[in-house]
Amino acid sequence: PLIEGDWLIGNPHQSEMGYAFSKRHSLSYLEMLHSINGTKFVYGLLTNLFGSGDRFLEGRGHVVVSLLEKAARIHNSGAPLEVWGEGTASRDFLSTKAATGLLIDLIDKHVGIVNIASGQEISIREIANKIAEVFELEGGIRFVGINQGITGRVCSTEKLEKFSRTVSEIDSKKDLWNEIKNYKENKLPNQS
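This is a predicted model, so every value here is computed, not measured. (Residues numbered from 1 in each chain as written. Predicted model: local features only at pLDDT ≥ 70, side-chain atom pairs only at ≥ 80, totals over all residues. Heavy atoms only, no water.)

1. Structural notes on the overall build of the chain
In step 1: When helices and strands are counted, the chain shows 6 helices and 7 strands.
In step 2: Counted from the first residue to the last, the chain has its helices and strands arranged as α-β-β-α-β-β-α-β-β-α-β-α-α.
In step 3: Projected onto its principal axes, the C-alpha positions of the chain cover 60 × 35 × 25 Å.
In step 4: When each of the 192 residues of the chain is scored for burial, the buried share is 37%.
In step 5: Considering only contacts within the chain whose residues lie at least 6 apart along the sequence, 80% involve residues at least 24 apart.
In step 6: Summed over its atoms, the accessible surface of the chain is roughly 11,100 Å², and 50% of this surface lies on carbon and sulfur atoms.
In step 7: A distance of 2 Å separates the average location of the 22 positive side-chain charges in the chain from that of its 24 negative side-chain charges. (Helix = DSSP H or I, 4+ residues; strand = E, 2+ residues; numbered from the N terminus. Buried < 20%, exposed > 50% of the residue type's maximum accessible area, 1.4 Å probe, protein only. Contact = heavy atoms within 4.5 Å. Areas by Shrake-Rupley, 256 points an atom, 1.4 Å probe, with all protein chains shown as cover. Lys, Arg positive; Asp, Glu negative; His and termini not counted. Charge placed at Lys NZ, Arg CZ, Asp CG, Glu CD.)

2. Some remarks on the sheet that holds strand E2 (residues 48-50)
Whenever strands of a sheet pair, they do so through backbone hydrogen bonds, lying parallel or antiparallel.
In step 1: What the 3 strands build is an open sheet, ordered E2-E4-E6; its pairing is mixed. One side of each edge strand has no neighbouring strand; the edge strands of this open sheet are E2 and strand E6 (121-123). Looking at each pair of strands side by side, their axes are set apart by 55 degrees on average, direction ignored.
In step 2: Relative to strand E4 (residues 90-95), E2 runs parallel, the two sharing 3 bridges. When the bridges of E4 are listed, Asn48 appears paired with Phe93. (Pairing = 2+ DSSP bridges. Axes fitted to C-alpha atoms, helices over the stretch in contact; angles between N-to-C directions.)

3. Concerning the packing of helix H2 (residues 63-74) against helix H4 (residues 124-134)
In step 1: Running from N to C, H2 and H4 cross one another at 30 degrees; their axes reach a closest spacing of 10 Å. With respect to each other, H2 and H4 are oriented roughly parallel. Crossing geometry of H2 relative to H4 is assigned as right-handed. Here Val63, Leu67, Leu68 and Ala71 of H2 come into contact with H4, specifically with Ile124, Ile127 and Ile131.
In step 2: Along the lines of polarity and charge, the residues of the contact of H2 with H4 split into 7 nonpolar, no polar and no charged. (Parallel < 35°, antiparallel > 145°, perpendicular 65-115°, else oblique. Left-handed = near helix turned anticlockwise from the far one by under 90°. Nonpolar A, V, L, I, M, F, W, Y, C, P; charged D, E, K, R; others polar.)

4. Description of the nonpolar core
In step 1: Counting residues in hydrophobic clusters, the biggest one holds 26 residues, and the most contacted among them are Leu81, Ile127, Ile131, Phe135, Leu176 and Ile180.
In step 2: At the level of secondary structure, the elements contributing two or more residues to this core comprise H2, strand E3 (81-83), H4 and helix H6 (172-187).
In step 3: If you tally residues by element for this core, the top one is H2, at 7 residues. (Core = buried A, V, L, I, M, F, W, Y, C linked by side-chain atoms within 4.5 Å.)

5. Quick word on the pattern of salt bridges
In step 1: Enumeration according to the criterion identifies 6 salt bridges in this entry.
In step 2: The partner of Glu136 in a salt bridge is Lys184, and the shortest N-O contact between them spans 3.4 Å. With Glu136 in the loop between H4 and strand E7 (141-143) and Lys184 in helix H6, the pair connects residues that are 48 residues apart, well separated along the chain.
In step 3: Given a relative accessible area of 5%, Lys184 falls into the buried group.
In step 4: Two residues, Glu185 and Lys181, come together in a salt bridge whose shortest N-O distance is 3.3 Å. In this pair, Glu185 and Lys181 are both assigned in helix H6, 4 residues apart and thus about one turn of the helix distant. (Salt bridge = Lys/Arg side-chain N within 4 Å of Asp/Glu carboxyl O.)

6. Things to note about the side chain of Glu4
In step 1: Along the chain, Glu4 falls in the segment before helix H1 (17-37).
In step 2: Despite being buried, Glu4 has no salt bridge partner; Lys159 is the closest side chain of opposite charge, sitting 5.7 Å away.
In step 3: Dropping the residues within four chain positions of it, Glu4 is found in contact with Leu45, Ile113, Val114, Asn115, Ser156 and Lys159.

7. Comments concerning the environment of Glu31
In step 1: Relative to the assigned elements, Glu31 resides in helix H1.
In step 2: Residue class for Glu31 comes out partly exposed when judged on its relative accessible area of 39%.
In step 3: Expressed as a C-alpha distance, the spacing of Glu31 and Gly112, which sit 81 residues apart in the sequence, is 8.2 Å.

Remember that the coordinates give geometry; whether it matters functionally is a separate question.
Now the structure itself:
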C-alpha cells in the first residue's frame, strides 16, 4: 500500500506536472507555516473518488463516472461497454460521502499529510462487470487495451486510522455498487 511519503518520490508524469508541483508547493508552504507559527494543518491525499459532485469529462474523467456515462449512453443499443486497459488494474476507491466524513473527522487535528482512502482495492473488471449487469448491457464489455496504467494501487490507511475511527466502517465496494444502481435510476428513471 502507498504510504503518505510515496507521492513525493520522483518526478510526476508530464501530463500532471503543473498540478503535481502546485500540490507539492502547497505542502511546503504549510510545513513552513507550521515551523514558524505552529500552524496546524491537514493535507489530505485523496484517493480515486466517486459519487456526488463528480463530473464527467470525455476522455479525462474519473473512471467510475466515465464508465457510468458510457453505460447510460449505450443502454439499449446492443453496443459493448468499452473500457480502457485490460480490466486487471485495480484502485482504491472512496465515495465522496465517506471522504467528506473523514475530512470532517480530521478538521481540528494537526495531522500533516494523510491518505484519505478506504484501503480497499477493487478491480476495473469488477466495476465494469457490475455496471454491465446493472445497466443490463446486451453488448457486454470490451476491453480496448489502451491506457492500462499502474496494475494495482491501494493506499495505506494506517495513519488515518489513528485520527478517525470511521475508516473501519467504510465498505467501498458496497458504496460503489449502490452508486451504480442510483446512477442508473437517476439517469434512466424509466428503465429501472
